[in-house]
Amino acid sequence: MNLPDTNYGDREAFSTRPGQLAQEMVQLLAPLIGIRGRYGGRVLELVEVLAEGPQVALLDTSSSPGIQANQYGDPLTRQPRILTLPVVSEVEADAHPVLRALLPEKTLAELRQLIGGKLGTG
């Protein structure tokens, strides 16, 4: 019985499961939780860094709170909008455009080194 090849290349290798690279990205970005910046006319705040993906959660502080429903669909509370974005752009070998706008230059350079090092090997 032939099993399908599950090695989908370097890009998918770090974007589908938490590994060493994802952990390095979390360690790099986690100290920045709380930073704010503008992107596309919105004020965004970094509220969480997730190893799965890796991804970041951004709070849209410029939008009016939306109604959050419970598991049954009943309106529960008003909550600000949270955006979850991948750390690595899905269209190019670089950081996500929103992160490029929010991150300090030094951190962005280090993140690009991590991305380039992973994508450059293979």
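Residues numbered from 1 in each chain as written. Predicted model: local features only at pLDDT ≥ 70, side-chain atom pairs only at ≥ 80, totals over all residues. Heavy atoms only, no water.

**Student:** What exactly am I supposed to notice about the overall build of the chain here?
**Tutor:** Looking only at helices and strands, the chain has four helices and six strands in total. Element order for the chain, N to C, with α for helix and β for strand: α-α-β-β-β-β-β-β-α-α. Summarising the internal contacts of the chain: among those between residues at least 6 apart in sequence, 47% fall at separations of at least 24. Accessible surface computed for the chain: about 7,700 Å², of which carbon and sulfur atoms make up 51%. (Helix = DSSP H or I, 4+ residues; strand = E, 2+ residues; numbered from the N terminus. Contact = heavy atoms within 4.5 Å. Areas by Shrake-Rupley, 256 points an atom, 1.4 Å probe, with all protein chains shown as cover.)

**Student:** Sorry if this is basic, but what is going on with the pattern of salt bridges here?
**Tutor:** One pass over the full model with this rule turns up six salt bridges. Here R36 and E45 are joined by a salt bridge, their closest N and O atoms 3.0 Å apart. Sharing partners across several salt bridges, the network here consists of E92, D94, R100 and R112. (Salt bridge = Lys/Arg side-chain N within 4 Å of Asp/Glu carboxyl O.)

**Student:** How should I be thinking about the pairing of strand β2 (residues 42-50) in this particular structure?
**Tutor:** Note on strand geometry: in a regular strand, side chains alternate between the two faces of the sheet. Of the pairings in the sheet, the one linking strand β1 (residues 36-39) to β2 comprises four bridges and is antiparallel in character. What sits directly across from R36, in β2, is E45. Between β1 and β2, which pair antiparallel and follow one another directly, the connecting turn spans two residues, one of which, G40, has a positive phi of 60 degrees. Of the strand pairs in this sheet, β2 and strand β3 (residues 55-60) are connected by six bridges, and their pairing is antiparallel. Looking at the pairing, E48 lines up with A57 of β3. (Pairing = 2+ DSSP bridges.)

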